[in-house]
Amino acid sequence: MRRLAILMLMTLPLFAGGVFAQQKAGKDTVYEELNLFDQAFERIRQDAVDPVSDAKLIGSAIAGMLAGLDPHASFMDDAAFKASQTPANDDAGTLGLAVTIQNGQLQVISPEDGSPAARAGIRPGDVIFTIDKEPVYDLALGEVEQKLRGPGGSEVRLVMRHGTEKPLDLTLKREAYKLQTVVGRVEGGNIGYLRIAGFDSGTQAALTAAVQDLRQKIGSKLVGFILDLRNNPGGGFDAAVAVADAFIDKGDIVVVKGRKPASLKRIAATPGDLAKGLPLVALVNGGTAREAELVAGALQDNHRAVLLGSKTFGESSIESVIPLGEGGAIRLTTARYTTPSGREIQGKGLDPDLAVTSLKLARLAQGQMRREADLPGALKNPDQTADKPAPAASPGAATTPTPDEAPAVATQDIGSASDEQLIQAVDVLRGLSVFGRRAAG
């Protein structure tokens, strides 16, 4: 025992010395890289053909660092940061577009319901080439979002393309409109249709009111609800959790993961089901993104709803705006979320239980819709296991051989009489209702 103790005392300083040497080597490497940056910085200041300010060089360097991480990380100078912290004026207008950047191209994730962009026929997957005649290939996402905003009633000119069609030249007027995140109506006489177009502080209350209204209109004939999450670009994280919680009586809703394992957080459902156990069908597609995927994944993992449609966009990142001491701020991806069972959404999306797409859309060119995994530097999905085969569709369902690449339906067509996915969802929901009554009886 004495020899063992002496050996441990002799080994401990050697181990500590090794750790210190590794830390010192790591710091030395960082100092060398910073010295290289300093040399480049001074050379540009002295030899660039056009004089450039130190502030611009530093800002460009920070922006370059963030651009190498993922499509959503960006730098805001002091003016842009202060502008983002200022409450929006009543006169402020927008086009209602959720966008991302792919290989220098500005791509539409989804237009918001009722927005100028939706009324103009802009669809998920559309590519925007210029904003007011200015090319967007070298703009950061934050800069693009600023250019799309402006005074209500002001015009913005876009050159863009639907899929493989010829480029379009569109002029739209910005509007200071309010997105109606929940709309309910009776479908087929005995089904409650709930269009959930986004998530904000009023979504949960609006959802509760819509369900109560549908119950009063349909009465005892009510057989279930269709939750339409198509072309829903997301919104508030907490609001999306509340929507999922409204239909899930118990179990986890979402798992949030940071960089460190200790930061893992599970958010559990609270007792109560707004639908009171009636069957649910949730409609999803390539325009179902971000927090809308959180809701879809929670419903699917808890076996609370059948997902019908096509693969979702595949984005589950959580960005934080971090102020910098000398002015400005960085927008950095600091966490991401998975479904309750641990399925990764980021870069992968969610597969529907029933892969159904419009026959009209199926005839369009494949590959129109790109998702988060296609973006340069996109956060990778650690779950590299092979995808499970999609369950067989119900009899009569219009399936396509490659639902992952199915183009997304235009927002203006959602819920219309020609909405083939909605027609299929009605049939599936009625089938679930009959099966449930037989099982209960």
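Residues numbered from 1 in each chain as written. Predicted model: local features only at pLDDT ≥ 70, side-chain atom pairs only at ≥ 80, totals over all residues. Heavy atoms only, no water.

**Q** Where do I start with the overall build of the protein chain in this structure?
**A** Along its length, the protein chain carries ten helices and 19 strands. Taking all 441 residues of the protein chain together, the buried fraction comes to 45%. The long-range share in the protein chain, meaning contacts at least 24 apart out of those at least 6 apart in sequence, stands at 72%. About 22700 Å² of surface is accessible on the protein chain, with carbon and sulfur atoms providing 57% of the total. (Helix = DSSP H or I, 4+ residues; strand = E, 2+ residues; numbered from the N terminus. Buried < 20%, exposed > 50% of the residue type's maximum accessible area, 1.4 Å probe, protein only. Contact = heavy atoms within 4.5 Å. Areas by Shrake-Rupley, 256 points an atom, 1.4 Å probe, with all protein chains shown as cover.)

**Q** Would you take a moment to explain the sheet that holds strand 12 (residues 224-228) for this structure?
**A** Hydrogen bonding along the main chain pairs the strands of a sheet, whether they run parallel or antiparallel. Spatially, the six strands line up as an open sheet ordered 10-11-12-15-16-19, and their pairing is mixed. Each having just a single partner strand, strand 10 (182-187) and strand 19 (354-355) make up the two edges of the open sheet. Sheet topology note: the strand 11 (residues 191-196)/strand 12 ladder contains five bridges and is parallel. Bridge assignment links Leu 194 to a residue of strand 12, and that residue is Leu 227. (Pairing = 2+ DSSP bridges.)

**Q** Is there a simple way to explain the nonpolar core in this structure?
**A** One recurring pattern in soluble globular proteins is that nonpolar side chains are buried together. Counting residues in hydrophobic clusters, the biggest one holds 44 residues, and the most contacted among them are Leu 194, Phe 199, Leu 207, Phe 247, Leu 294 and Val 295. Going through the elements one at a time, strand 11, helix 6 (203-218), strand 12, helix 7 (237-247), strand 13 (252-257), strand 15 (280-284), helix 8 (291-301) and strand 18 (329-338) are the ones with two or more residues in this core. Top contributing element to this core by residue count: helix 7, with eight residues. With near-sequence residues (within four places) excluded, Phe 199 lies in contact with Thr 181, Leu 229, Asn 232, Gly 234, Gly 235, Gly 236, Ala 239, Ala 240, Val 243, Glu 291, Ala 292 and Val 295. Counting 20 residues, the second-largest nonpolar core is a separate cluster that includes Val 99, Ile 128, Leu 158 and Met 160. (Core = buried A, V, L, I, M, F, W, Y, C linked by side-chain atoms within 4.5 Å.)

**Q** Got a minute to help me understand the packing of aromatic side chains in this structure?
**A** For any pair of aromatic rings, the description rests on two quantities: the centre-to-centre distance and the angle between the ring planes. One pass over the full model with this rule turns up two aromatic pairs. Where Phe 237 meets Tyr 337, the ring centres are 5.7 Å apart and the plane angle is 55°; that geometry is what we call tilted. Taken as a pair, Phe 237 in helix 7 and Tyr 337 in strand 18 lie far apart in primary sequence, 100 residues in all. Of note, Arg 185 hangs over the ring of Tyr 193, and the distance from its end group to the ring centre comes to 4.4 Å. (Phe/Tyr/Trp six-rings, centres within 6.5 Å; stacked < 30°, edge-to-face > 60°. Lys NZ or Arg CZ within 6 Å of the ring centre and 35° of its normal.)

**Q** Just checking my understanding: could you explain the environment of Leu 207 for this structure?
**A** Within the fold, Leu 207 resides in helix 6. Classification of Leu 207 by relative accessible area gives buried; the value is 1%. Once the C-alpha coordinates of Leu 207 and Arg 195 are considered, the two residues, twelve residues apart in sequence, prove to be 9.5 Å apart.

**Q** So what exactly am I meant to see when it comes to helix 5 (residues 141-148) here?
**A** Think of an α-helix as 3.6 residues a turn; residues three or four steps apart then line up on the same face. Taken residue by residue, helix 5 has Leu 141, Val 144 and Leu 148 as its buried positions. Buried residues in helix 5, looked at end-on, bunch into an arc of 60°, giving them a common side. (Arc of directions from axis to C-beta.)

**Q** Just to check I follow, could you spell out the pattern of salt bridges for this structure?
**A** Two side chains of opposite charge can pair, provided their charged atoms sit close to one another. Applying the stated criterion across every chain, the model contains 22 salt bridges. A salt bridge links Arg 45 to Asp 54, with the nearest nitrogen and oxygen atoms 3.0 Å apart. Here Arg 45 falls in the partly exposed class, since its relative accessible area comes to 39%. Given the relative accessible area of 36%, Asp 54 is considered partly exposed. Across the pair Arg 266 and Asp 252 runs a salt bridge whose closest N-O atoms are separated by 3.0 Å. Highlighted residues: Arg 266 in strand 14 (residues 265-268) and Asp 252 in strand 13, separated in sequence by 14 residues. A relative accessible area of 49% means that Arg 266 is categorised as partly exposed. (Salt bridge = Lys/Arg side-chain N within 4 Å of Asp/Glu carboxyl O.)

**Q** Mind showing me how you'd approach unusual backbone geometry here?
**A** The phi angle of most residues is negative, glycine excepted, and most peptide bonds adopt the trans form. Although it is not a glycine, Lys 133 sits at a positive phi angle of roughly 70°. Tracing the backbone shows Lys 133 in the loop between strand 5 (127-131) and strand 6 (134-135). Judged by its relative accessible area of 65%, Lys 133 is exposed. The phi angle at Arg 290 is positive, at roughly 55°, despite the residue not being glycine. When its relative accessible area of 21% is taken as the criterion, Arg 290 is described as partly exposed.

**Q** What exactly am I supposed to notice about the packing of helix 6 against helix 7 here?
**A** Helices that pack against each other are described as a pair by the angle of their axes relative to one another and the distance between those axes. At a minimum axis separation of 9 Å, helix 6 and helix 7 run at an interaxial angle of 30°. For the element pair helix 6 / helix 7, the angle class is roughly parallel. Of the residues in helix 7, those in contact with Thr 203, Gln 204 and Leu 207 of helix 6 are Ala 242, Val 243, Ala 246 and Phe 247. Its residues placed into classes, the contact of helix 6 with helix 7 shows five nonpolar, two polar and no charged. (Axes fitted to C-alpha atoms, helices over the stretch in contact; angles between N-to-C directions. Parallel < 35°, antiparallel > 145°, perpendicular 65-115°, else oblique. Nonpolar A, V, L, I, M, F, W, Y, C, P; charged D, E, K, R; others polar.)

**Q** Is there a simple way to explain the side chain of Thr 130 in this structure?
**A** Residue position: Thr 130 is located in strand 5. Judged by its relative accessible area of 16%, Thr 130 falls in the buried class. Other than its neighbours up to four places away in sequence, Thr 130 contacts Pro 135, Val 136, Arg 157, Leu 158 and Val 159.

**Q** When you look at the pairing of strand 18 in this model, what are you seeing that I'm missing?
**A** Along any regular strand the residues' side chains alternate between the sheet's two faces. With respect to burial, strand 18 is a largely interior element, eight of its ten residues being buried. With three bridges joining them, strand 1 (residues 74-76) and strand 18 adopt antiparallel strand pairing. Looking across to strand 18, one finds that Met 76 is bridged to Ala 329. Where strand 13 meets strand 18, three bridges bridge the pair, whose relative direction is antiparallel. Across the sheet, the residue bridging to Val 256 is Tyr 337, located in strand 18.

**Q** It is not clear to me how a nonpolar patch on the surface should be interpreted in this structure. Could you clarify?
**A** On the surface, a cluster of nonpolar side chains totalling about 320 Å² of accessible area is made up of Val 30, Tyr 31 and Leu 34. With respect to the secondary-structure elements, Leu 34 resides in helix 1 (residues 2-47). (Patch = residues over 30% accessible without salt bridge, like charges linked within 9 Å, V, L, I, M, F, W, Y side chains within 5 Å.)

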